[in-house]
Each structure stands twice: as structure tokens, then as C-alpha cells.
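# Descriptive structure summary
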Amino acid sequence: MNRDMEQELTYWFVFIGNSIVLECDEKGYHVPCSAEPPFQMKEWTPTQELPPIDHIPCMAYSISMPPSDMKGMQTIGLRESWALLPQAFYNAAGKASELLYWDSNTKYCGMCGAPMKRTTAISKQCTNCGKEVWPQVSPAIIVRIHKGDDILLVHAKNFRRSEMYGLVAGFVETGETLEECVKREVYEEVGLEIENIQYFGSQPWPYPCGIMIGFTANYVGGKLRLQEEELSNANWFNRDNLPPIPDKMSIARRLIDDYIAEKRPIKENSTINSTKLQNNENN
Ligand SMILES: [Zn+2]
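Residues numbered from 1 in each chain as written. Predicted model: local features only at pLDDT ≥ 70, side-chain atom pairs only at ≥ 80, totals over all residues. Heavy atoms only, no water.

### Side note on the pairing of strand β2 (residues 19-25)
Bridge count between strand β1 (residues 10-16) and β2: 2 bridges; the pairing is antiparallel. When the bridges of β2 are listed, I16 appears paired with S19. Counting the residues that bridge the hairpin from β1 to β2 gives 2 residues, and of these G17 lies at a positive phi of roughly 60 degrees. The sheet contact formed by β2 and strand β7 (residues 73-77) spans 5 bridges and is antiparallel. Residue pairing for β7: L22 is matched across the bridge by Q74. The pairing of β2 with strand β3 (residues 28-30) spans 3 bridges and is antiparallel. Bridge pairing in β3 links D25 to G28. (Pairing = 2+ DSSP bridges. Helix = DSSP H or I, 4+ residues; strand = E, 2+ residues; numbered from the N terminus.)

This is the structure:
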């Protein structure tokens, strides 16, 4: 392949609803890479530019129906694509999905109702009143609560697997800090008080436009009481006796895996304490 041809290539992130169209061959699944889009675009098909991957430009667009000739490609749910694509491509697919969602939800100005016009890849401006909009992200917290050597796991009514347990999570409300949100969600969902809220990590969650922000915290008081609209069960579990837990793709699983990998806390009358005592005595 000569250099000119190489420069013409583009990765095409094509969506049909919440699914992405992937090429499938004996090596696995790939985002289609070609000079021309894999399926015809109409004049009015909105396209979305994405940051390049390995210097190859990336474009995204949506089609409403699967074409009659899928050309050896398959539609795969965005969540399912996590297990099939390299991380950089899954991340780009998530970003593409969020931007297409944003684009389709901001066709008209929220102030005056006039059409919005694209000004950059991630901004639009009203053609009448000049109001500007950018993609918005909805933050949600998720928290691993410790009580002694156990952690709290909950079964939410909206979990897709009926036997699965996860962590307390919820959307950040207007005007609150992330820490206030963690405390409020824990109290609302399970009636517990917590302290020592520590940041753990975060993860874009393009379903449709979220970011999950993970924390750990310690139980201080209260009795388990379920918010019945949201949860059907909650309990303390030990790493030796865990129920089915979320898939590897989620930060919930990263938080639980991190707990599983943690060294067990040293019990009372531990070697550290007795060494400390000895040192004190020596001093
Ligand atoms: Zn306007």
C-alpha cells in the first residue's frame, strides 16, 4: 500500500441505534477501515469527527436501518463491543455514541426553537439567538463501603442479571459535591452513615452520556434499610463468599476486584501492633 492510499483511510464508527457495525473475520471483530464509508450516507446524514487513532482519521455516523447487504459485517451492542474491541476502539466507539446522541438531541435551540448550526466538532450555535451548546456529561458516583473486612453489595431492580450484586451508585444532583452525593446516595438507598470517602477512579459511561466516579468509604452507623423503588436486596459480603458480580468492563467490577486483591486487614494483637509496642518499650 503506498503512502497516498494510506492517508485516505478512515476508521468508520457506524451506529444503528445502540449497536455498532463491526467487520468480522477469522481474526475477530474490527472497526471498518476504508477510504469510503462502508454504507452509503445520505446528504443529511449527520457525521461526527473523532480524534484519530494511530494517525488514522475517525468518523462516526448513524444509519436508521441495517442495509440489505451487510458486506460481512455484524451489528454488536456497544456494551458487548467492550469484550471484542481493543480498549482504544471501545473508548472511541463510546465517545462516538455520546456525540451522535448529543447531535440528535440538539437539533433546535432550547431558548428560541430555531435550528442549531455546527461550529466545531463539539459545539453548536443557534442560527437565530446565538446560544451555544456543547456535549453534556451526566456524572454519577459509585461507592464501595467497608465494614470490618466485609463490603456492602446491593441488588438494584434495574440490573440486567437477576442474581447479580453491585455497589451503591447514583446520579450527582445539581449543586452538590461528589462527596455530598456519595453520602446522600448511601443514606437514601441503604440508610447507612459513612466516613472516610476516598476517590478511587473514574470511567466514561456512554449509556447514553455518563461518567462514573468511583469512591471507597467506611461504615460508621445505621441499620440496613432498602430504598424499595431502587433496590431489592443489600447485604455485607466477604471476598471469600461473593455473589455473582458485574462484568469486567465496569468500574463496579474494578472496585470489587480491588477489594478481592487487597491484603486482609491484620487482626487484633497483630505482629505490627506488637512490634510497635516492643519499639515503644525499647524507647
Ligand atoms: Zn436560539
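### Examining the pattern of salt bridges
Counting across every chain of the model gives 15 salt bridges. With a closest N to O distance of 3.5 Å, E173 and R184 form a salt bridge. Here E173 is found in the loop between β13 (168-171) and α4 (178-190), whereas its partner R184 is found in helix α4, with 11 residues between them in sequence. A residue is classified by how much of its surface remains accessible, and E173, at 44% relative accessible area, is partly exposed. The partner of R184 in a salt bridge is E185, and the shortest N-O contact between them spans 3.2 Å. (Salt bridge = Lys/Arg side-chain N within 4 Å of Asp/Glu carboxyl O. Buried < 20%, exposed > 50% of the residue type's maximum accessible area, 1.4 Å probe, protein only.)

### Some words on unusual backbone geometry
For the peptide bond that leads from Y207 to P208, omega is 5 degrees, which places it in the cis range. If you trace the backbone, P208 turns up in the loop between β14 (193-205) and β15 (210-221). For H55, which is not a glycine, the phi torsion comes out positive at approximately 65 degrees. Its place among the elements puts H55 in the loop between β5 (47-53) and β6 (56-62).

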